[in-house]
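Geometric and topological summary
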Amino acid sequence: MSDPSSTEGRLPWDGQPYSIKRHGVTITNCDREPVHTPGCIQGHGVLLVLRPADRIIVQASENTETLLGAAPDELLGGGVAAAIGVEAEDRLRGFLASEPTDRNPLRVMTLPASRERPPLELTAHTIDGVVILELEPSAPREEGEPDYYALVRTTTARLRATRTLAELCDVICRDVRALTGLDRVMVYKFHHDDHGEVVAEDKRAELPAWKGLHYPSDDIPRPARRIFERIWVRPVLDVSAPLAEIRPLLDPETGAPLDLTHCALRGASIMYTEYLRNMRVTASLTMSLREEGRLWGLIACHHYEHAARVPYALRAACEIVAQVASLQLQWVAERDRMARRMQMEIKHNELVGRAAAAGDPTALLRDAPALLEGLGAGGAALCHGGRWWTVGNTPTATELDELADWLRTRTQWRAPVRPIYVTDSLAREYPAGAAFADRASGVLALPLSHAQQSMMVWFRPETIHTVDWGGNPHDKPTVVGPHGPRLTPRASFELFRESVHQRSLPWQPVEVEAAARLRVLVMELVVGHDELRMFSHATQHDLREPVRSIRSYAHQLLEEAAVLDDEHRRRLDALVRLTRRMDSLLDSLLTLSRMARVSLRIEDVSLDEVLAEAVEMVDPGRFDGEVELVVPRPLGSARCDRGRVRDVLVGLMSNALTYNREARKRVELGVIAPGEDHPRPGCPEGSAGHAIYYVRDNGIGIAPEHHERVFGMFRRLHGREEYGGGAGAGLTVIARIVARHGGRIWLDSAPGRGTTVYFTLPVEEGGT
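What this report covers is the structure whose coordinates are included nearby. Each residue is numbered by its place in its chain's sequence as written, counting from 1. For this predicted model, a pLDDT threshold of at least 70 governs which residues receive local features, and a threshold of 80 or more governs which side-chain atom pairs are given and counted, while totals over whole chains, interfaces and linings are taken from all residues. Excluded from the side-chain calculation are hydrogens and water; included are all heavy atoms of the structure.

**Considering the overall build of the protein**
For the purposes of this entry, the term helix denotes a DSSP run of H or I that reaches at least four residues, the term strand denotes a run of E that reaches at least two, and both are numbered from the N terminus. For the protein, the helix and strand inventory stands at 20 helices and 29 strands. The buried share of the protein, reckoned over its 768 residues, is 53%. Throughout, a contact is declared for two residues whenever any of their heavy atoms are within 4.5 Å. The contacts of the protein with a sequence gap of at least 6 include a subset with a gap of at least 24, amounting to 66%. All accessible areas in this document rest on Shrake-Rupley with a 1.4 Å probe, and a residue is counted as covered only by the protein chains that are shown. Accessible area for the protein stands at about 34300 Å²; split by element, carbon and sulfur atoms hold 52% of it. Note on classification: 1.4 Å probe, protein chains only; a residue is buried when its accessible area is under 20% of the maximum for its type, exposed when over 50%, partly exposed between these limits.

Following this line, the structure appears as structure tokens:
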């Protein structure tokens, strides 16, 4: 419900506070409506805003007289006792002092009925320095009132027993409808382009089925989606009921509009209520479904006969159901991703092992099923050695050359962390792609070496498919109002069938992650490979593959939590830790063995290119917290072994980020030129005359008495399970590489002030 032609210009309410009642019919773009500060509430309840220090009423809804027996002007500036009574105020004061009310509405009490009012449910929360009270009529308890606790317990057990997404969504719809008594309950999933699809529903038998229908992203504008990332339950009890405006609209002390994000009474946009009325809906209840904090979809409930009754107890029950459903959604999704990840990792490890044994990266393409089926691709192409190697259905060599030239201009291609280009509609961004959309509408491409311009590309063919929309998604009706044309919601929800061309099935995140991991494995084969390195890589694969298979199987067993008791879970956790440590140990031993066998390939190397490759391999984004990488100036060139120096930078950066507890991790990589006026703490004799490279961090630091010890084999300064439980051989490998270049390595560090590791690469003075 957004008109892209109206995204600029003045808003009709510019210069004055927004109110749905005053400005709701002037909307030309739903993405600009301040739905969190609507200035109005649903008229069945009353809202009061208090100053926390003395509980003076500073704002009130205009309808207070209907429920509290006093007009807003009589209440504003006075104590809240005038509205709710002295006893209730005392209880409220204690409640606010003891309960976690920040952006968290909680029930305080039921105010007893009086001559002026019915019994009222009182909830309270705090936000932006004020207390918000919501008061709603409390319906008298009837015989046969639902036992929400028992219902929620039953629903929670059913949700936790589900093993697939389809099963989970069906249970959500069936049990939420039983819990709420509403006429239709749907699970509405957001797709990668934000449009929605009804993936499950439970409804009255005579209502038309909506499962499988799609709805454009504008039907749920961005501001509404942002609110659903913060709240769990959103009731609209009567879409046709009048709204009540807040008086005054702005906080008299701060001049700010009132944030009603967390209020059950928050007024609904006129666009939304018109949209519901066009669907013949009389009331709605909406709940969030989240996966790892991201809005995955909604539980959308519709009623058709009359206003709905959704008391606080029912809202609280629905909130618990939404939270448990979100946790189960995350578990089911992660379980599916884990199984898919394991399958792809096994296939990719086998591919790389065979390529290493053959001594030829192009051997990757000899096993088409393993390379293509794992990622669901129809074709793949490897650019290596100045030519293309292909398998499956791909563009022609000329088309590939032109596509590669275009890819190298993309911002994603030069990203310092995980450079990757992904699309399910290449022709939309690269018009020349329309010529081969039948073979390559979907593209997943990764650089393997910027210096050698090597790359790996997977293709997915065009999938001409039909999308069933709930109404024409391109229909943006307008009406003429007092401020000119304004948008109105679609009035028709008749089935609209649309054919989609030049698009493939979308790439899933787990597939993109698998391709990125495969890239790291392949880079070692592509960037400066030789026969001995290939032999070492093959040997490493043969030793590590059984260990990784054991760990993957243990992970799979851990996912089946329902069949494990605590003792078996403890043993499997230990098995996973042991295989992880064995993997690390094998990696260190094989690296040291390789260092002893392989001659250095000394050549003029751009260290800035090597650094870019090292950053990609470290992948700073996988570490907790924010990571800042600083390179004060170019590192320049050096005569060295490109691959081995990359190993040094990868190891030092990984240590800098691993042994770091800071929320903002900072790593600086720099060079001190010979003769430059610059501190060189601890510099060994004779090293000051060479370029000194360093990696500095703000991590935990190392005590001076351990400065030499850390370079010894298997010398850990921490417990086996701390900081990832490494084998304690990383710095030994790094020191050996530096020594083979004729260089020196040392560090400057103290606990709590980070570590700086310095090294030189004067290979011309004795490196071999």
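**Quick notes on the pattern of salt bridges**
For this document, the term salt bridge refers to a Lys or Arg side-chain nitrogen within 4 Å of an Asp or Glu carboxyl oxygen. Applying the stated criterion across every chain yields a total of 44 salt bridges. The salt bridge involving Arg315 is made with Glu136; its shortest N-O contact spans 2.9 Å. Here Arg315 is found in helix 10 (residues 312–358), whereas its partner Glu136 is found in strand 6 (residues 130–137), with 179 residues between them in sequence. By relative accessible area, which is 8% here, Arg315 ends up buried. Taking the relative accessible area as the measure of exposure, Glu136 reaches 9% and is therefore buried. The salt bridge partner of Arg503 is Asp424, with a shortest N-O separation of 3.2 Å. Pair noted here: Arg503 is in the loop between strand 22 (495–500) and helix 15 (509–526) and Asp424 is in the loop between strand 16 (421–423) and helix 13 (426–429), with a separation of 79 residues, a long-range link. Residue Arg503 shares its accessibility class with Asp424, and that shared class is buried. Overlapping salt bridges, with partners in common, bring together Glu291, Arg294, Glu334, Arg337, Arg341 and Glu513 in one network.

**Focus on the environment of Asp128**
Tracing the chain through its elements places Asp128 in the loop between strand 5 (120–127) and strand 6. Separated by 130 residues in sequence, Asp128 and Leu258 place their C-alpha atoms 8.8 Å apart. Not counting the four nearest positions on each side in its chain, Asp128 is found in contact with Arg103 and Asp259. Throughout this description, a polar contact denotes any pair of N or O atoms lying within 3.5 Å of each other; where both atoms belong to protein, one of them has to be capable of donating a hydrogen while the other can accept it, and for residues adjacent in sequence the pair is counted only when both atoms sit in side chains. Within polar-contact distance, the side chain of Asp128 engages the side chain of Arg103 at 3.0 Å.

**Here we look at the nonpolar core**
Inside soluble globular proteins, nonpolar side chains tend to come together where they are buried. What makes a nonpolar core is a set of buried Ala, Val, Leu, Ile, Met, Phe, Trp, Tyr and Cys residues whose side-chain atoms join them at distances within 4.5 Å. Counting 38 residues, the largest nonpolar core has Leu607, Leu649, Leu652, Met653, Ile745 and Phe759 as its most contacted members. For this core, the secondary-structure elements that each account for two or more residues are helix 18 (607–618), strand 25 (637–641), helix 19 (642–658), strand 26 (664–672), strand 27 (692–697), helix 20 (730–740), strand 28 (745–749) and strand 29 (755–760). Among the elements that make up this core, the one with the highest residue count is helix 19 (eight residues). Other than its neighbours up to four places away in sequence, Leu607 contacts Leu635, Gly636, Ser637, Ala638, Cys640, Val645 and Tyr693. In this structure, Ile299, Leu314, Cys318 and Leu329 belong to the second largest nonpolar core, which totals 34 residues.

**Looking at helix 9 (residues 270–278)**
When we look at burial in helix 9, the residues that qualify are Ile270, Met271, Thr273, Glu274, Tyr275 and Leu276. A distance of 3.1 Å separates the backbone nitrogen of Met271 from a side-chain oxygen at the start of helix 9, and that oxygen is part of Ser269.

**Some thoughts on the sheet that holds strand 11 (residues 243–247)**
In this analysis, strands are considered paired if DSSP registers two or more bridges between them. With respect to topology, seven strands assemble into an open sheet ordered 1-11-3-2-6-5-4, the strand pairing being antiparallel. Only two strands of the sheet have a single partner each, and these edge strands are strand 1 (40–42) and strand 4 (106–111). This sheet shows a mean twist of 30° between the axes of neighbouring strands, independent of strand direction. For strand 5 and strand 6, the ladder comprises eight bridges, and the chain directions are antiparallel. In this analysis an axis means a line fitted to C-alpha atoms, helices contributing only their contacting stretch, and an angle means the value between N-to-C directions, from 0 to 180 degrees.

**Observations concerning the pairing of strand 29**
Burial within strand 29 is extensive, with six of its six residues counted as buried. Side chains Thr755, Val757 and Phe759 project from strand 29 onto one buried face, and the interleaved Thr756, Tyr758 and Thr760 project onto a second face that is buried too. As judged from the five bridges shared by strand 27 and strand 29, these two strands associate in the antiparallel manner. Residue Arg696 lies in a different strand from strand 29, and its bridge partner there is Thr756. As paired elements, strand 28 and strand 29 share five bridges and run antiparallel to each other. Across the sheet, Leu747 pairs through a bridge with Val757, a residue of strand 29.

Read these as spatial facts, not as claims about activity.
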